[in-house]
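Each chain is listed here by its residues.
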Amino acid sequence: MFSYLPQPRPRVISIASGGTGQGWDITDEIDDLSWSSVNPGGDERCNFTLKRSWFSDNPEVERGNLLRVQVGVDVVWQGRVEETDRSGGDTEQIAVTAYGLGARLKDGSFQEIFMDRDLSAWGEPSTQRRISLGSSIRFEGALSTGAQDSGAAGPGLVFTYNTFDSSTTERGEAWYYGGGVDIGEVRTDVTRLVGEADDVNWVTLIRISPDDLRTTSDDSADLNYGNSTNNSVSASTTGRKYVMVSADYAGPSTGTVKRELAFVYLRVLGNHDITPQGSQPEEGFTLDQMVRYIVEDVPGVQIRRLDEQTYVIQQAAFKDPVPHESAIDELNKLEGCDWGTWGPDSPLDLSTNGQFDLKDREPDVQHWTANRADCSDLALHSETATLYGAVDVTYEDGAGVRRTVRREVNVPDLDSAGLTRVYQLDIGKSTKAVAEARGDVFLAIWGQFAPARGSFSISVPLTHYLRGDLSPLYLRADGSNLRIPDILPSTSAFALDDTPDRRTTFPIKRVEIDCAGEVPQARVEVDQANDTLSILQAREDLESALVG
Amino acid sequence: MALTLKVGNRDLSESLRVAHDDGLDPANPTYTEPEFSGSPAFADGQAFAGDAVNNRQGAFPLLLQASTVDALYQLIREINLELVSGVVVEYRSGSASQSTFFVLERGRLEPKYEHWLDNSAKTRATLNLWMRPYGNTGTSRLLASAAITAPTLLTATGVQGDVDAEGTLRVQFASSAQFKSNGAPFVIYGTKYPVASGWSPIYTASQLASAGFTATTVGASGRMASVYRAWNVSPTSTLPEWLYRIPIRRQDPGRYRAIGLMRHFIGGGTISRQQSHLSVYLVEETANVELPPVLHTAPVSEILASSWNLVDLGEITNPRVNGYVYVAYTGASGASALATYPVQFDGVALVPIDRNAGIMINSLRSTKKADAWKFELSAPSKMVGVRAASITAEAASQIIDDVADQLRGDYPAIAPVGSPGASGAAQMLVWAGIKSVASDLSNVRGNEPLTVDLSVRERFTYLR
């Protein structure tokens, strides 16, 4: 039964800062409304022009006001007014720019040590510390770091002793400073590298201190000169900024005797109370655990959706202050999730908080569908520059010899173009089997079809896979994909493969809705480029750094 | 009936010139232009994208005259001063039985100086009026009124015109005693048109057909039809436990927002309550009920325990199928039941949202009580949005608060009878009540006694 539905129109609401003050419906008073969203990031920017006297009181566009764009009962954009530009042509006007509430992730700074295994952060005791210990202590233990030999697994700090006398205490001491971040816990294994037995003349301690003089400290049990695993000490209070590890010999041995003691898998945790995942000593935290902690530190933004991840990140420390958004972005390089800050998705939600989502990618879901005839200014660029038919994987085997294996795949697009393209991939210390598997993963990503990127405009309804036909006003770069089913080249038009057609499915990277014209128009930027390889590479780099 | 032209309080009927070549054009229809979009390279023609609707420009040729030339010029000045935004323009042609009213945005009087006419204190002039595009009846008339104690359907019958009529929805409570301290009214409405016979989007507790999990119906005052339905779910079960299902029909396609009134008694840590959630599924009649996509998830932690809450169960699109909307509860490790039947529903409404809908749930900024409040749309001046007003004034003073920013959705509008391809009345689902605490959605009675009125001001693309 035919029924003409009135075309949806956006309403623009401004709410005085603080969320409890006066609000205004300014829809009827503005021109040239546009708003945009981006992945990652969420709501990006909203612009409009208000034809008003510069000198009149314009509380509706005060900087800091919350701005909402609504279509029906849905909030399609939410942010805060940040910029106003006054100009005059035929009439006085004020151009207003608002930014999405993800801007709150850039307002403050973030510091935290989730888990720090970086041995380069450890150093010698300070001069004052040496002075305060007096002449009875001799810093015999030479400090070194890195991958270990003599059968000990994992990276660690090593104290090497060569000469002992009975008149002084031979000491090895190393310090860690967290950049001002409170230390919560320190964990380590202790391994005797040289020597055959434990020795109670050794006093080996892990200490957490508020200063670099160990005025006071939380101490571990005495680990002597034995082999021990999963040792830890926790801070009893806040304000503990330093960690000290030390091994003292106060026994009767004299002369030239080599001794080596290693603190293996030495790791520092901040005072965050997040439960580590994985098994010690290779535990860590997942992206969602850390992102939850980061976002909960931001006033005015709350977690709405946080998809659980399984990859355990063993090294994540932000000792220098960074914006919260930067910390999220840095960690997400290891997972490649879609994330953004949005307005509320329920008409019953009264809050003025930004809603933060971290979602698994859904490359096989065709959220939106549109025909190419409905698109205007359709421009897609694809190239063979990111297409490879072979990869040479270089690795270093257990004997330290560098070797290379080649993996190949048939790529019709390259064959038809008469091209042979080979990628060089270096995976560091590994085995032949792993190198072959990595090469196959690479070619599975990059050996299929030339990815396309580009943009197009659309003003007519599209089909959403759950919601039916919707105005383009509802389009957002929220991890959605868009399929244009009739965009295939003719040779593939009758493909019978029932797997989702990646060639015609485009991840949406940015959407801009422009209401300045006669009808609203959505400008959509898409990109099929697959960053799975960069994620794998980022993980490789992280794990290589951990093993030295 | 006589030819009529009034601009505000000024009657210019006698001044109108109506000769064939005078240029009288009261209802210039070119204010709307269809816009098309798409790539001609890929198809024959382009798809319709929408109408660009601008202000309507009417041209009214006049012969102005006065007793003296000075009085004529004074008349011109007075008319110019009256051509301001919000003024009502009335026009009726000589043979029409009813006037058409327009809302003026701006006007311009263009006198034509002709020396010998001027000497006689006369002047020909063209009055150009830029008006809001649609004419209207000039008044709101009551379409439907009902005394209710639950969500209801109002039938909007006999709506004239050829564009959606502007609606005024008024909700009045029986007495100020219904307001608790700091209580605030809420209203949810949605209009459906066309409506197939038998459309029934409101489900009281006894109509929530069990979907597999045992439920009991409990009598209680303050609930819709004085009952609610309760399920003995396991709060730690991580598999969906089907609570109930609501039938949908292929005759009722479109988008809906499912709003429920429920309470729960689920305890446990914050994480376990966040992981406990209600899920909504849409299932075709013959489809496998185990594998539908989840349409919406409502975490239990966002629903205040132990008190009756309005709950958003998400958006559901009926793609023209026969089937069911299923609601399931999923628990989490660490959650606990604080009552024998920890999940309870008073009722559910499927609010149609693809034509015209609105939800306002925090309508008062002050702590003062209000006995009635209403939406107003396009009063004689420009849109004034939403107002809350006290009818039986407290301390003999009216409370008026523009709360347009608290409306999620559109101002009420009703489709006219006889729109292309359809006939019959539109129906508006209205659900109003009071929540006892203004800042959240809790402690909502299911059977608040109140009166709902729906009035419309019909509109026309040409003349009435």
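Below is a short write-up of the structure. Position numbers for residues count from 1 along each chain, tracking the sequence in the order it is written. Written order decides the labels, with chains lettered from A and ligands numbered from 1. Reporting in this predicted model follows two pLDDT cut-offs: at least 70 for local features of residues, and 80 or more for side-chain atom pairs to be given and counted; totals over whole chains, interfaces and linings ignore these cut-offs and use all residues. Each side-chain value is worked out from all heavy atoms of the structure, with water and hydrogens disregarded.

Observations regarding the overall build of chain B
Link 1 in the chain: Each helix corresponds to a stretch of at least 4 residues labelled H or I by DSSP, and each strand to a stretch of at least 2 residues labelled E; elements are numbered beginning at the N terminus. Helix and strand content of chain B: three helices and 34 strands.
Link 2 in the chain: Expressed as a percentage of contacts within chain B between residues at least 6 apart in sequence, the contacts between residues at least 24 apart total 77%.
Link 3 in the chain: If you sum the accessible surface of chain B, you get close to 19,000 Å²; carbon and sulfur atoms cover 50% of it. Contacts are assigned to residue pairs with any non-hydrogen atoms lying within 4.5 Å of each other. Here, Shrake-Rupley sampling with a 1.4 Å probe gives the accessible areas, and only protein chains in the shown set may cover a residue.

Overview of the environment of Leu348(A)
Link 1 in the chain: Within the secondary structure, Leu348(A) sits in the loop between β22 (338-342) and β23 (354-359).
Link 2 in the chain: The spatial distance from the C-alpha of Leu348(A) to the C-alpha of Val73(A) is 9.5 Å, given a sequence separation of 275 residues.

Overview of the nonpolar core
All names here are of chain A.
Link 1 in the chain: We call a set of buried residues a nonpolar core when its members are Ala, Val, Leu, Ile, Met, Phe, Trp, Tyr or Cys and they connect through side-chain atoms within 4.5 Å of each other. For every residue, the accessible area obtained with a 1.4 Å probe (protein chains only) is divided by the maximum for its type, and the residue is called buried under 20%, exposed over 50%, and partly exposed between those limits. Membership of the largest hydrophobic core comes to 45 residues, with the highest contact counts inside it found for Trp35, Cys46, Phe48, Leu67, Leu475 and Ile508.
Link 2 in the chain: When residues of this core are traced back to their parent elements, those giving at least two are β3 (30-38), β4 (41-50), β5 (66-71), β6 (74-88), β7 (92-100), β29 (452-458), β33 (505-514) and β34 (521-527).
Link 3 in the chain: No other element matches β33, which puts four residues into this core.

Thoughts on the pattern of salt bridges
Link 1 in the chain: What counts as a salt bridge is simple: a side-chain nitrogen of Lys or Arg found within 4 Å of a carboxyl oxygen of Asp or Glu. The full count for this structure, using the stated rule, is 62 salt bridges over all chains.
Link 2 in the chain: We note a salt bridge from Asp165(A) to Arg138(A), for which the minimum N-O separation is 3.3 Å. Here the residue Asp165(A) occupies a position in the loop between β12 (156-164) and β13 (169-177), and Arg138(A) occupies one in strand β10 (residues 137-138), the gap between them amounting to 27 residues.
Link 3 in the chain: Glu315(B) is the salt-bridge partner of Arg467(A), the closest N and O atoms lying 2.7 Å from each other. Pair noted here: Arg467(A) is in the loop between β30 (462-464) and β31 (468-470) and Glu315(B) is in strand β23 (residues 309-318), and the two residues belong to different chains.
Link 4 in the chain: What you see here is one network of salt bridges that share partners, running through Asp74(A), Arg467(A), Arg255(B), Arg257(B), Asp312(B) and Glu315(B).

Observations concerning the sheet that holds strand β28 (residues 422-429) of chain A
All names here are of chain A.
Link 1 in the chain: A pair of strands is labelled paired if DSSP reports no fewer than 2 bridges between them. Read across the open sheet, the three strands follow the order β27-β26-β28; overall the sheet is mixed. The sheet terminates laterally at β27 (402-408) and β28, the two strands that pair on one side only. Ignoring strand direction, the axes of neighbouring strands in this sheet form an average angle of 20 degrees.
Link 2 in the chain: Relative to β27, strand β26 (residues 390-396) is paired through seven bridges, and the arrangement is antiparallel. Within β27, the residue paired with Val393 across the bridge is Val405. The axes used here are C-alpha line fits, helices contributing only the stretch in contact, and every angle between their N-to-C directions lies in the interval 0 to 180 degrees.

Focus: the environment of Pro472(A)
Residues and elements named next belong to chain A.
Link 1 in the chain: Relative to the helices and strands, Pro472 is located in the loop between β31 and β32 (481-483).
Link 2 in the chain: Separated by 13 residues in the primary sequence, Pro472 and Ser459 place their C-alpha atoms 6.3 Å from one another.
Link 3 in the chain: With near-sequence residues (within four places) excluded, Pro472 lies in contact with Ile458, Ser459, Val460, Pro461, Leu462, Ile513 and Ala522.

A word on the sheet that holds strand β33 (residues 426-435) of chain B
Residues and elements named next belong to chain B.
Link 1 in the chain: What the five strands build is an open sheet, ordered β11-β33-β13-β27-β31; its pairing is antiparallel. The strands lining the two open edges of the sheet, one partner per strand, are β11 (152-156) and β31 (407-409). The average undirected angle you get between the axes of adjacent strands in this sheet is 20 degrees.
Link 2 in the chain: When strand β13 (residues 184-192) meets strand β27 (residues 356-360), the two strands line up antiparallel, connected through five bridges.

Focus on the state of the cysteines
Residue and element names in this part refer to chain A.
Link 1 in the chain: Disulfide assignment relies on a single distance test, namely cysteine sulfur atoms paired within 2.5 Å. Enumeration over the complete set of coordinates arrives at zero disulfides over all chains.
Link 2 in the chain: Cys46 forms no disulfide, and the closest cysteine sulfur to it belongs to Cys515, at a distance of 9.0 Å.
Link 3 in the chain: Assessed through its relative accessible area of 0%, Cys46 is described here as buried.

Things to note about the pairing of β13(A)
Residue and element names in this part refer to chain A.
Link 1 in the chain: Summarising burial for β13: eight of the nine residues are buried, a large majority.
Link 2 in the chain: Here strand β9 (residues 122-123) runs beside β13; their pairing, made up of two bridges, is antiparallel. What sits directly across from Gly123, in β13, is Trp175.
Link 3 in the chain: The sheet contact formed by β10 and β13 spans two bridges and is parallel.

Quick word on unusual backbone geometry
Link 1 in the chain: In this structure, Pro40(A) follows Asn39(A) across a cis peptide bond, with omega equal to 0 degrees.
Link 2 in the chain: By the secondary structure assignment, Pro40(A) is in the loop between β3 and β4.
Link 3 in the chain: Following Tyr193(B), the chain continues into Pro194(B) via a peptide bond in cis, with omega recorded as 0 degrees.
Link 4 in the chain: The phi dihedral of Arg214(A) is positive, around 55 degrees, even though this residue is not glycine.
Link 5 in the chain: Mapping Arg214(A) onto the fold places it in the loop between β15 (202-209) and β16 (218-219).
Link 6 in the chain: Among the residues examined, Arg214(A) registers a relative accessible area of 25% and is labelled partly exposed.
Link 7 in the chain: The phi torsion at Tyr265(A) lies on the positive side, around 55 degrees, for a residue other than glycine.
Link 8 in the chain: Of note, Tyr265(A) is situated in strand β19 (residues 255-270).

Some points on the pairing of β33(A)
Residue and element names in this part refer to chain A.
Link 1 in the chain: Bridging between β3 and β33 involves five bridges; their strand directions are antiparallel. Among the inter-strand pairings, Ser36 is bridged to a residue of β33, identified as Glu512.
Link 2 in the chain: Here β32 runs beside β33; their pairing, made up of three bridges, is antiparallel. Its bridge partner lying in β33, Leu482 is registered against Phe506.
Link 3 in the chain: Sheet topology places β33 next to β34; six bridges connect them, and they run antiparallel. Bridged to Glu512 within β34 is Arg523.
Link 4 in the chain: Here β33 hands over to β34 after six residues, the two strands then running antiparallel side by side.

Some words on helix α1 (residues 69-82) of chain B
Residue and element names in this part refer to chain B.
Link 1 in the chain: Expected helix span is computed as 1.5 Å times (number of residues minus one). With 14 residues, α1 should cover 20 Å at 1.5 Å per step; its first-to-last C-alpha distance of 20 Å lies within 8% of that length.
Link 2 in the chain: Taken together, the buried positions of α1 are occupied by Leu72, Leu75, Ile76 and Ile79. All buried residues of α1 project into a common sector of 100 degrees when viewed along the axis, lining one side. Across from the buried face of α1, at angles greater than 90 degrees, the exposed residues are Asp70 and Leu81.
Link 3 in the chain: Tucked into the core, α1 has its buried residues touching β2 (10-11), β5 (56-65), β7 (100-112), α2 (115-119) and β8 (122-131). The directions from the helix axis to the C-beta atoms are what the arc is built from.

Overview of the side chain of Thr152(B)
Link 1 in the chain: Looking at the secondary structure, you find Thr152(B) in strand β11.
Link 2 in the chain: Contact partners of Thr152(B), with chain neighbours within four places excluded, come to Ile202(B), Met428(B), Leu429(B) and Val430(B).

Digging into the side chain of Asp116(A)
All names here are of chain A.
Link 1 in the chain: On the secondary structure map, Asp116 appears in the loop between β8 (110-115) and β9.
Link 2 in the chain: Its relative accessible area of 1% is what places Asp116 among the buried residues.
Link 3 in the chain: Any N or O atom pair separated by 3.5 Å or less is treated as a polar contact, with the protein-specific requirement of one donor-capable and one acceptor-capable atom, and with residues adjacent in sequence counted only for side-chain atom pairs. One polar contact links Asp116 to Gln315, side chain to side chain, over a distance of 3.1 Å.
Link 4 in the chain: Within the local environment of Asp116, its side chain forms a polar contact with the side chain of Lys319, the two groups lying 3.0 Å apart.
Link 5 in the chain: With near-sequence residues (within four places) excluded, Asp116 lies in contact with Ala121, Tyr176, Leu266, Arg267, Val268, Gln315, Ala317 and Lys319.

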